[in-house]
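# Residue-level structure breakdown
These are the residues of each chain, in order.
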Amino acid sequence: MNKEFNYKLVLKILGSLLLVESIFILTSAIVSSIYNENDWHYFVKTSLIAIVSGSIFILIGKDAKKTIGRREGSLIVTLIWIVFSFIGMLPFWLSGAIPSFTNAFFETISGFTTTGASILNDIESLSHGMLYWRSLTHWIGGLGIIVISLALLPMFGFSGIQLFGAESSGPTKDKIHPKITGTAKRLWYIYMGLTFSETVLLKIGGMNWFDAVCHSFGTIATGGFSTKQASIAYWDSPFIQYVIAIFMVLAGINFSLYYFGLKRRFDKVSKNEELKFYLSMTTIFTLVIFISNIDFSLDFNLRGIEHNFRESLFQVSSIYTSTGYATADYMNYHPFTWFVFLTLMIIGASAGSTCGGIKSVRILLVLKYCYYEFKRIIHPKAVIPISYSGQTVKQEIATKTLAFTLLFLVSIAIGVVVLGISGMNFTESIGGMVSCIGCVGPGLGAVGPAGNYANIPEFSKWFLSFVMLLGRLEMFTVLVLFMPVFWRK
């Protein structure tokens, strides 16, 4: 029987995290001030709203019991992304940078969920402060608001395992420290290290510091918001494009493997089957796109081959890791490649990374499950357990993996129907649904890399906002809140 719901603790944690958000918002005010822009006060006002709201929640929950269960954990994690998005949209909306309330919320939750689906038709018209905040929402939501907060606010005074479990992705969790705050801090240091490294390399490649920081936020968080309407195609620089492509691939790797690598526990890295699968699929699909884009009627030249390879690597890395940056409009590619990109959106990179999608480890486990089922049919009396990275996979994990994969695919089918009914055509519906539930950003047709979501129906924007939340929090965390049995004592 479930214990009484600890609503005071929910409010206390929610309030504490709003204080964290207020600090991030203030950094945007500083950026506006540095560039002598007069919209800094919108960030200050929004920060004050977050501080006041957070303080009220903390006062209400000051006597909360320090016990947290699955119900509280799921609700907190879901509410954080929603509340952060409603607070985070205020600078866009109040300043008139995005005058529509719906559009402002869509853009903001797209940022926090690291989807990168945009409604902006003139990105360069935004101030530096607004562009910085837009990219920062990626970085905050990328590693996970909960993970960042557990690293920064150990004064919570309770075990954060329910929060960490509800927010972090994948069927398995690598424990890199006995305490959950220790794990969060180490992931946080790796996250910052990758961001800093890419920023420096982009500056060396010719970007200014502002663009380098913003694009590093978007890359490491696999978000995809750019400071330019043309995205990365704005910079006709092979160096910059290769740097971003490589860091997108790095961002798609399980972050715990970086820790094991730094600790010289190379056996944990070399035996990881998901890593091998992820890098193999990146290589294979890059070659598929590369070959499909070759025009055999033209003379070959080294420069054209290099450009084709770079573009193929960039597009595959961007879509597979659910980043969404673009150097070309893949809608101009052979229609066969559209199916390839949709497949990559659904698969997603590694669990334990900042990427969306089903995740490569789940796809790998499903494939193994199917293979072993064939073996059991041939040898019905044999006991053939599923193995992964040298360990036997429990039946419970296999069942959950199959259930999640089926739910993910069924949700896509239902979503396409809903979007079609709302007024979107089939190409946009399937592209937008797959892209948003996979937290990718660009879809197909009018919502592809050369377009955006500005002209889709208003209902579709709210529906896709919910879909982005579903995809970011891995379905069950959100959907379980709608189950009456979940709330019974």
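Being a predicted model, the structure only gives us computed values, none of them experimental.

### A short note on the pattern of salt bridges
Should the charged atoms of two oppositely charged side chains come close, the side chains can pair. In the structure shown here, the tally under the stated rule is seven salt bridges. For Lys359, the salt bridge identified is with Glu474, shortest N-O distance 3.0 Å. On the criterion of sequence distance, the pair formed by Lys359 in the loop between α16 (335-347) and α17 (360-378) and Glu474 in the loop between α20 (458-472) and α21 (476-479) is long-range, its members being 115 residues apart. A relative accessible area of 1% places Lys359 in the buried class. The shortest N-O distance in the salt bridge between Glu474 and Arg362 comes to 2.8 Å. Of this pair, Glu474 sits in the loop between α20 and α21 while Arg362 sits in helix α17, and the two are 112 residues apart along the sequence. By relative accessible area, Glu474 is classed as buried at 9%.

### A few points about the nonpolar core
Core analysis: the biggest nonpolar cluster contains 139 residues, and Trp133, Ile244, Tyr453 and Leu464 have the highest contact counts within it. The element best represented in this core is helix α1 (residues 7-34), accounting for 11 residues.

### Some remarks on a nonpolar patch on the surface
Together, Phe86, Trp93, Leu94, Phe101 and Trp462 line one region of the surface with nonpolar side chains, adding up to about 430 Å² of accessible area. Its location among the elements puts Phe86 in helix α3 (residues 70-88). By relative accessible area, Phe86 is classed as partly exposed at 32%.

### What about α1?
An ideal rise of 1.5 Å per residue puts 40 Å on 28 residues; α1 measures up with 41 Å between its terminal C-alpha atoms. Asn36 lies just past α1 and shows a positive phi near 55°.

### Description of the packing of helix α14 (residues 273-292) against α17
For the pair α14 and α17, the least separation of the axes is 9 Å and the interaxial angle reads 100°. One element, α14, and the other, α17, form an angle in the roughly perpendicular class. Contacts from Glu273, Glu274, Phe277 and Tyr278 in α14 reach Ser360, Val361, Ile363, Leu364, Leu367 and Lys368 in α17. Tallied by class, the residues present in the contact of α14 with α17 amount to six nonpolar, one polar and three charged.

### Digging into the side chain of Thr477
Locating Thr477 in the fold gives a position in helix α21. Side-chain polar atoms of Thr477 contact the backbone oxygen of Leu473, separated by 3.3 Å.

### Examining the side chain of Ser411
Along the chain, Ser411 turns up in helix α18 (residues 395-422). If near-sequence neighbours (up to four positions away) are discounted, Ser411 is found in contact with Met433, Ile437 and Met475.

### Brief notes about the state of the cysteines
On inspection of all chains with the given rule, the structure shows zero disulfides. In this model Cys436 remains outside any disulfide bridge; the closest cysteine sulfur is found in Cys439, 8.1 Å from its own.

Procedures and definitions
Residues numbered from 1 in each chain as written. Predicted model: local features only at pLDDT ≥ 70, side-chain atom pairs only at ≥ 80, totals over all residues. Heavy atoms only, no water. Salt bridge = Lys/Arg side-chain N within 4 Å of Asp/Glu carboxyl O. Helix = DSSP H or I, 4+ residues; strand = E, 2+ residues; numbered from the N terminus. Buried < 20%, exposed > 50% of the residue type's maximum accessible area, 1.4 Å probe, protein only. Core = buried A, V, L, I, M, F, W, Y, C linked by side-chain atoms within 4.5 Å. Patch = residues over 30% accessible without salt bridge, like charges linked within 9 Å, V, L, I, M, F, W, Y side chains within 5 Å. Areas by Shrake-Rupley, 256 points an atom, 1.4 Å probe, with all protein chains shown as cover. Expected span 1.5 Å × (residues − 1). Axes fitted to C-alpha atoms, helices over the stretch in contact; angles between N-to-C directions. Parallel < 35°, antiparallel > 145°, perpendicular 65-115°, else oblique. Contact = heavy atoms within 4.5 Å. Nonpolar A, V, L, I, M, F, W, Y, C, P; charged D, E, K, R; others polar. Polar contact = N/O pair within 3.5 Å; in protein donor to acceptor, adjacent residues only side chain to side chain. Disulfide = S-S within 2.5 Å.

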